[in-house]
Amino acid sequence: MNKKNISLILIGILLLVLQFYVRVGNATIDVFSDVIGFILIVIGILPLAPRNVLFKKARLAAILGTAAAVIGQAPLFKDWGDNASQMRTMAAGLSTIFTIYFTYYFTEAIILEAKFQEKSAATRSFRIVWLLLGALVFIHYIAFMSNISLASILVGAGSGICAIYYCSTMLTACKQLYMEGLPTKHMDISAEKASKK
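Residues numbered from 1 in each chain as written. Predicted model: local features only at pLDDT ≥ 70, side-chain atom pairs only at ≥ 80, totals over all residues. Heavy atoms only, no water.

Asker: Got a minute to help me understand the environment of Thr103 in this structure?
Answerer: Structurally, Thr103 is set in helix α4 (residues 84-116). Judged by its relative accessible area of 3%, Thr103 falls in the buried class. For the pair Thr103 and Leu131, spaced 28 residues apart in the sequence, the C-alpha separation amounts to 9.8 Å. Contact partners of Thr103, with chain neighbours within four places excluded, come to Ile13, Trp130, Leu133 and Tyr166. (Helix = DSSP H or I, 4+ residues; strand = E, 2+ residues; numbered from the N terminus. Buried < 20%, exposed > 50% of the residue type's maximum accessible area, 1.4 Å probe, protein only. Contact = heavy atoms within 4.5 Å.)

Dropping the structure here:
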């Protein structure tokens, strides 16, 4: 595991949380594409999955989120007339669900890694930060769904700020947890058990 994996995941999370739709002809495009965000997350999480069971759950959530984002974006490229807002709402709902699930498992996986390395102090406030992020992402979806533009903008800005804070705390903790070439204790034990079999 290296900083590149974590950086890809965190950039992907930012792309998922930030939503900005632009209408081009009959198509409505999310400038901060959820598909690109989930693809970056999948690329970053695949090498981490063997580290612990929660990274495996995060990987599954990322893969399902990618599939849902692709399916959710497809209807946006067709003119649905009066149903266009319902299609955007459905696509945003799928993305919201998998964003919350992925960030939960990713947060718990990092907390578990900190416990393995006896560095739990580095992740002490992670659950509170994740809870705030998850709540704001969900509230932003509700505001988006209700078509109240001012509320959607304000909550979107709040969730964007919270996502930046979440990503910065994750990056800081991961710098403490993962040094290049330094395997963790539980990975050493797993490698020894595998070599004895």
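Asker: Help me understand the packing of helix α5 (residues 126-145) against helix α6 (residues 149-177) in this model?
Answerer: Any two packed helices are characterised by how steeply their axes cross, that is the angle between the axes, and by the distance between the axes. Orientation of α5 relative to α6, taken along the N-to-C sense of each, is 155°, at an axis distance of 9 Å. As far as their axial angle goes, α6 and α5 are roughly antiparallel. Our pair here, α5 against α6, has a crossing hand that is left-handed. (Axes fitted to C-alpha atoms, helices over the stretch in contact; angles between N-to-C directions. Parallel < 35°, antiparallel > 145°, perpendicular 65-115°, else oblique. Left-handed = near helix turned anticlockwise from the far one by under 90°.)

Asker: Quick question: what am I supposed to make of the state of the cysteines here?
Answerer: Put plainly, a disulfide is one covalent bond tying together the sulfur atoms of two cysteines. In total, this model carries zero disulfides according to the counting rule given. Unpaired in this structure, Cys162 has its nearest cysteine sulfur neighbour in Cys167, at a distance of 9.5 Å. Since its relative accessible area comes to 5%, Cys162 is described here as buried. (Disulfide = S-S within 2.5 Å.)

Asker: I tried to follow the packing of aromatic side chains on my own but got confused; where do I start?
Answerer: How two aromatic rings sit relative to each other is set out by the distance from centre to centre and by the angle between their planes. The tally for this structure, following the rule as stated, stands at four aromatic pairs. Between Phe102 and Phe106, the ring centres sit 5.7 Å apart and the planes meet at 15°, which makes this aromatic pair stacked. Taken together, the residues span about one helical turn, with Phe102 and Phe106 both in helix α4 at a distance of four residues. Accessibility expressed as a relative area gives 0% for Phe102, which makes it buried. (Phe/Tyr/Trp six-rings, centres within 6.5 Å; stacked < 30°, edge-to-face > 60°.)

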